[in-house]
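Inside the fold
Next come the chains, spelled out residue by residue.
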Amino acid sequence: MTLDEFIIFIDNNEFLQDINLSGGEVYLRDDIVDMWQYLDCKGLATAVTTNGVNVDLIKRKESILLKKLSGKNNRELQISIDGLGETHDFIRGISGNYEKAIELLNWAFRKERQYPFFKVSITHNITPYNYHQLSEFVKYFINFGLKPSQISIKVAQTSSLLYDNIDTYEFVNSSRKMISAVEGIQREIPYYRHYYYTRLIPTFLENSRKPLIPCYAGFTICYIDPCWNVYPCSFLNTKIGNLRDYNFELKKLWETDVIKKVQDRVKKGLCPHCWISCFSSPSIRCDVFSLLRFGIRKLIQRDL
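The rules behind each value
- Residues numbered from 1 in each chain as written.
- Predicted model: local features only at pLDDT ≥ 70, side-chain atom pairs only at ≥ 80, totals over all residues.
- Heavy atoms only, no water.
- Patch = residues over 30% accessible without salt bridge, like charges linked within 9 Å, V, L, I, M, F, W, Y side chains within 5 Å.
- Areas by Shrake-Rupley, 256 points an atom, 1.4 Å probe, with all protein chains shown as cover.
- Salt bridge = Lys/Arg side-chain N within 4 Å of Asp/Glu carboxyl O.
- Helix = DSSP H or I, 4+ residues; strand = E, 2+ residues; numbered from the N terminus.
- 1 Å grid on protein atoms, 1.4 Å probe; cavity = no way out; pocket = protein on both sides within 12 Å on 5 of 7 lines; lining within 4 Å.
- Points joined across faces, edges and corners; volume = space filled by probe spheres on them.
- Nonpolar A, V, L, I, M, F, W, Y, C, P; charged D, E, K, R; others polar.
- Core = buried A, V, L, I, M, F, W, Y, C linked by side-chain atoms within 4.5 Å.
- Buried < 20%, exposed > 50% of the residue type's maximum accessible area, 1.4 Å probe, protein only.
- Contact = heavy atoms within 4.5 Å.
- Arc of directions from axis to C-beta.
- Pairing = 2+ DSSP bridges.
- Axes fitted to C-alpha atoms, helices over the stretch in contact; angles between N-to-C directions.

Topic: a nonpolar patch on the surface
- Taken together, the side chains of Val288, Phe289 and Leu292 present a nonpolar region at the surface, about 320 Å² in accessible area.
- Along the chain, Phe289 falls in helix H14 (residues 288–303).

Now the structure itself:
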């Protein structure tokens, strides 16, 4: 994927409302700032999730980007933190990663005050190695200065999903204790009890093969790899086509016989029923019943 191709893709698909550049560690791309800047020029918000390992590189490129952005569209920096102190380093397998993540978080707080359109948040993957810290973790970062809405709680899932290995897909060591930890934080902090996405985590942990909401992968959501191959999502290994063969126009791919087969498969639930934010969150926004439930709970939350 080149920058010139990326610009053609954006120009040829102006109907797109949400474009997420993800990795890996996306800051490693030399032209990532140019990509984000072009999205901003087209009126789109930009966001990134980072592991915070190369903190100096991240701060340097993010500083360059913030100066170039128009300020008309939101910019979000999300830092992955999977535990407190050594727990995070153990899960990530990188000694000192936690300290770097905290350094980046403090830096981002200062940038928030400088740039009104800039928002910082953290994401936390629940695993068998850190669930016992969940309450302590959330309270620590609330005291640190984050709002509950800036602490995204997710469920770690097996990488076998990435190979379309549906038959052997299972959540990593799901246990009643993990479910209790999530339910406990929901009792302690109302935000997590009423936030629709987080509220469904215990249901997912009880039965990870049960679809929680209708999935719209292959309908209004897709995944594009670095070579412009298009898939319904990053977990189903069914290539819809390559955008280089279609002048980088997604609509042309949605007129092929392949997409109809993919959509039929997803509609029948012949997929791992993952609960990954890249695909479940957009699916919630596409499903009228999910939107109604989410809206009602947001109203309840606002009144608390």
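We are not done yet, so read on.
Topic: the layout of surface pockets
- Its boundaries defined by the atoms lining it, the second largest pocket holds a volume of some 270 Å³.
- Contributing to the lining of the second largest pocket are 20 residues, with Ile213, Cys215, Cys271, His273 and Cys274 lying nearest its centre.
- Looking at the lining of the second largest pocket element by element, the count peaks at three residues for helix H13 (residues 277–286).
- Tallied by class, residues from the lining of the second largest pocket come to 15 nonpolar, four polar and one charged.

Digging into the nonpolar core
- Formed by 83 residues in total, the largest nonpolar core has its most connected members in Trp36, Leu77, Ile122, Val138, Phe141 and Trp275.
- The dominant element in this core, judged by the number of residues it contributes, is helix H5 (residues 97–114), at eight residues.
- Setting aside its immediate chain neighbours within four residues, Trp36 contacts Leu21, Val26, Tyr27, Thr46, Ala47, Val48, Leu65, Leu69 and Arg75.

Some details on the pattern of salt bridges
- Under the criterion given, the structure shown has 13 salt bridges.
- Where Asp18 meets Arg285, a salt bridge forms, and the shortest distance between an N and an O atom there is 3.4 Å. In this pair, Asp18 sits in the loop between helix H1 (3–11) and helix H2 (32–41) while Arg285 sits in helix H13, placing the two residues 267 residues apart along the sequence.
- Residue Asp18 is classed as exposed on the basis of its relative accessible area of 54%.
- Owing to a relative accessible area of 47%, Arg285 belongs among the partly exposed residues under this scheme.
- The salt bridge involving Arg92 is made with Asp82; its shortest N-O contact spans 2.9 Å. Of this pair, Arg92 sits in helix H4 (residues 86–92) while Asp82 sits in the loop between strand S2 (75–80) and H4; the two residues are ten residues apart in sequence, bridging distant segments of the chain.
- The class of Asp82 is buried, set by a relative accessible area of 3%.
- Sharing partners across several salt bridges, the network here consists of Asp11, Glu14 and Lys42.

Here we look at H2
- Listed as buried for H2 are Ile32, Val33, Met35, Trp36, Leu39 and Asp40. Taken around the axis of H2, the buried residues stretch over an arc of 160 degrees, which confines them to a single face.
- Here the buried face of H2 lies against H1, strand S1 (46–50), helix H3 (55–68) and S2.
- Where H2 terminates, the next one or two residues include Gly43, which has phi positive at roughly 85 degrees.

Notes on the sheet that holds strand S4 (residues 151–155)
- Taken in spatial order, the four strands of this open sheet run S1-S2-S3-S4, and their pairing is parallel. In the strand order of this sheet, the two ends are held by S1 and S4, each with one partner. Taken pair by pair, the neighbouring strands of this sheet meet at an average axis angle of 25 degrees, ignoring direction.
- Here five bridges tie strand S3 (residues 118–126) to S4, and the two strands are oriented parallel to one another. Considered in S4, the bridge of Asn125 is made with Lys154.
- With respect to the sheet, H5 is in contact with S1, S2 and S3, its orientation differing from that of S3 by roughly 150 degrees.

Describing the environment of Asp30
- Secondary-structure assignment places Asp30 in the loop between H1 and H2.
- Note on Asp30: relative accessible area 75%, which makes it exposed.
- A sequence separation of 31 residues divides Asp30 from Lys61, and the C-alpha atoms of the two residues are 9.4 Å apart.

On their own, these measurements won't tell you what the molecule is for.
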